[in-house]
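Fold and contact review
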Amino acid sequence: MKRTLILLYGVACYAVFFATFLYAIGFIGNLWVPKGMDSPPTAPFATALLIDLGLLALFAVQHSVMARPAFKRAWTRLIPESAERSTYTLLSSVALILLFWLWSPLGGTVWNVQHPAARTALYTLFAAGWVLLLYTTFLLNHFDLFGLRQVWLQFRGRPYTPLPFRTPTVYRWVRHPLYVAWLLTFWATPTMTMTHLLFAVMTTVYILLAIRWEERDLVAALPEYADYRRRVPMLVPGTRRAEKAPSSRSLA
């Protein structure tokens, strides 16, 4: 019974994640959803700014603290180890749902591209970012990344085995193609509002910090990662340069 419950829990967590992922496309692109990132302002500028910064900080803290090995070791004293990744996925989704729900637009426009060809190009890059994002999760193991592999193995009574270190396709060009994909979705927009700019700048800062923390963990966990780090650029293909130091088991 316990194995079945953990499996059902993992599937439910994944379902929440996938629904949140689909809503995120509409939220960031202001497409199809009842409340997009650039909905009409409903609060004074200063109040809205504080709300949005708080929501972004909440997601960043949850997403990074729960990903650290020391937190995982402590956390799995309270929950089954096989459910740890599913729980991380669920709480990350909850943090995003709160952001979607409570987000307070600022108003104002930074740029507004009018040329049809340029608008099409930017929307194409936006779509390409989401496709690349999903694609990179499958390159390593989509189901391990979001906890389904772990709960399935425990349901079958088989021990969890960490994924081997691999650098398939785009991982040979950049170390963090998943983050490249996120950056495309944040910045490729024909209409950049103050709200969108705040979101893009703060999430970009967070990504650059998260890479440093993740790489520290990766170097400690995977001896071959240090050499990979020296050979392959972080985010921009063709900008190879030796970097000292560290990155997360998932390479994400």
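Notes on the structure in this doc start here. Please read all numbers here as calculations on a predicted model, not as lab measurements.

Let's shift gears to the overall build of the protein. In terms of regular secondary structure, the protein is built from 10 helices and two strands. For the protein, the succession of helices and strands along the chain, N to C, is α-α-α-α-β-α-α-α-α-β-α-α. In terms of C-alpha radius of gyration, the protein reaches 19 Å, essentially the compact-globule figure of 18 Å for 252 residues. With 252 residues in all, the protein has 46% of them scored as buried. Total accessible area computed for the protein in this model is approximately 13100 Å², and 70% of it derives from carbon and sulfur atoms. Once the 24 positive and 11 negative side-chain charges of the protein are each reduced to a mean point, those two points are 4 Å apart.

To continue, consider the side chain of serine 64. Residue position: serine 64 is located in helix 2 (residues 45-65). Residue classification places serine 64 among the buried positions, given a relative accessible area of 8%. Excluding residues that lie within four positions of it along the chain, serine 64 makes contacts with Tyr206 and Trp213.

To continue, consider the packing of helix 1 (residues 2-29) against helix 7 (residues 148-155). Where helix 1 meets helix 7, the axes come as close as 9 Å, and the angle between the chain directions of the two elements is 165 degrees. Judged on the interaxial angle alone, helix 7 and helix 1 are roughly antiparallel. Crossing of helix 1 over helix 7 shows left-handed handedness. Residues Arg3, Thr4, Ile6, Leu7, Gly10, Val11 and Tyr14 of helix 1 form the contact with helix 7, whose participating residues are Leu148, Val151, Trp152, Gln154 and Phe155. Its residues assigned to classes, the contact of helix 1 with helix 7 comprises eight nonpolar, three polar and one charged.

The next thing to look at is the side chain of threonine 193. Inspection of the secondary structure assignment puts threonine 193 in strand 2 (residues 191-193). Here threonine 193 falls in the buried class, since its relative accessible area comes to 10%. For threonine 193, the side chain forms a polar contact with the side chain of aspartate 38, separated by 2.5 Å. Separated by 3.0 Å, the side chain of threonine 193 and the backbone nitrogen of histidine 196 make a polar contact. Residues in contact with threonine 193, not counting those within four places in the same chain, are Asp38, Gly108, Thr109 and Val110.

This next bit is on the packing of helix 8 (residues 177-187) against helix 9 (residues 194-221). Closest axis-to-axis distance for the helix 8/helix 9 pair is 9 Å, and the angle between their directions is 170 degrees. The angle between helix 8 and helix 9 places the two elements in the roughly antiparallel class. For the pair helix 8 and helix 9, the contacting residues are Tyr179, Trp182, Leu183, Phe186 and Trp187 in the first and His196, Leu197, Phe199, Ala200, Val201, Thr203, Thr204, Ile207, Ala210, Ile211 and Glu214 in the second.

For the rest of this paragraph, the subject is helix 5 (residues 116-140). Helix length check: helix 5, at 25 residues, gives a terminal C-alpha distance of 37 Å against a target of 36 Å (1.5 Å per residue), a fit within 8%. Of all the positions in helix 5, only Leu122, Phe126, Gly129, Trp130, Leu132, Leu133, Thr136, Thr137, Leu139 and Leu140 are classed as buried. In this structure, the buried side of helix 5 is in contact with helix 1, helix 6 (142-145) and helix 8.

Here the focus is the pattern of salt bridges. Tallied over the entire structure, the rule returns five salt bridges. Measuring nitrogen to oxygen at the nearest pair gives 2.9 Å for the salt bridge that ties arginine 231 to aspartate 227. With arginine 231 and aspartate 227 both in helix 10 (residues 225-231) and four residues apart, the pair spans about one turn of that helix. Of the residues examined, arginine 231 reaches a relative accessible area of 42% and is grouped as partly exposed. The network of salt bridges with shared partners includes Arg175, Glu215 and Arg229.

Basis of the calculations
Within every chain, residues take consecutive numbers counted from 1 along the sequence as written. The predicted nature of this model means local features are confined to residues of pLDDT at least 70 and side-chain atom pairs, given and counted, to a pLDDT of 80 or more, with totals for whole chains, interfaces and linings taken over all residues. Derived side-chain values reflect all non-hydrogen atoms in the structure, with water molecules and hydrogen atoms excluded from consideration. Only DSSP runs of H or I covering at least 4 residues are called helices, and only runs of E covering at least 2 are called strands; the numbering of each starts at the N terminus. Each radius of gyration is computed over the set of C-alpha atoms, and the globule rule expresses the reference value as 2.2 Å times the number of residues to the power 0.38. Only protein chains enter the accessibility calculation, which uses a 1.4 Å probe; a residue whose area is less than 20% of its type maximum is buried, one above 50% is exposed, and one in between is partly exposed. Only the protein chains shown count as cover for residues, and all accessible areas are computed by the Shrake-Rupley method using a 1.4 Å probe. All tallies of charge rest on Lys and Arg as positive and Asp and Glu as negative; His and the ends of each chain are not included. By convention, charge coordinates are those of NZ in Lys, CZ in Arg, CG in Asp, or CD in Glu. Note on contacts: a residue pair is in contact if any heavy atoms of the two residues lie within 4.5 Å. Whenever a helix is involved, its axis is fitted only over the stretch in contact; in every case the axis is a line through C-alpha atoms, and angles between N-to-C directions fall within 0 to 180 degrees. Just so you know how the angles are binned, under 35 degrees is roughly parallel, over 145 roughly antiparallel, 65 to 115 roughly perpendicular, and the rest oblique. In this scheme, a crossing is called left-handed if the near helix is turned counterclockwise away from the far one by less than a right angle; it is called right-handed if the turn is clockwise. By the convention adopted, Pro, Cys, Tyr, Trp, Phe, Met, Ile, Leu, Val and Ala count as nonpolar, Lys, Arg, Asp and Glu as charged, and the other residues, Gly among them, as polar. Polar contacts here mean pairs of N or O atoms no more than 3.5 Å apart (in protein, one a potential hydrogen donor and the other a potential acceptor; neighbouring residues in sequence count only if both atoms are side-chain atoms). To estimate the expected span of a helix, count its residues, drop one, and scale the result by 1.5 Å. A pair is scored as a salt bridge if a Lys or Arg side-chain nitrogen falls within 4 Å of a carboxyl oxygen belonging to Asp or Glu.

Geometry only, nothing functional implied.
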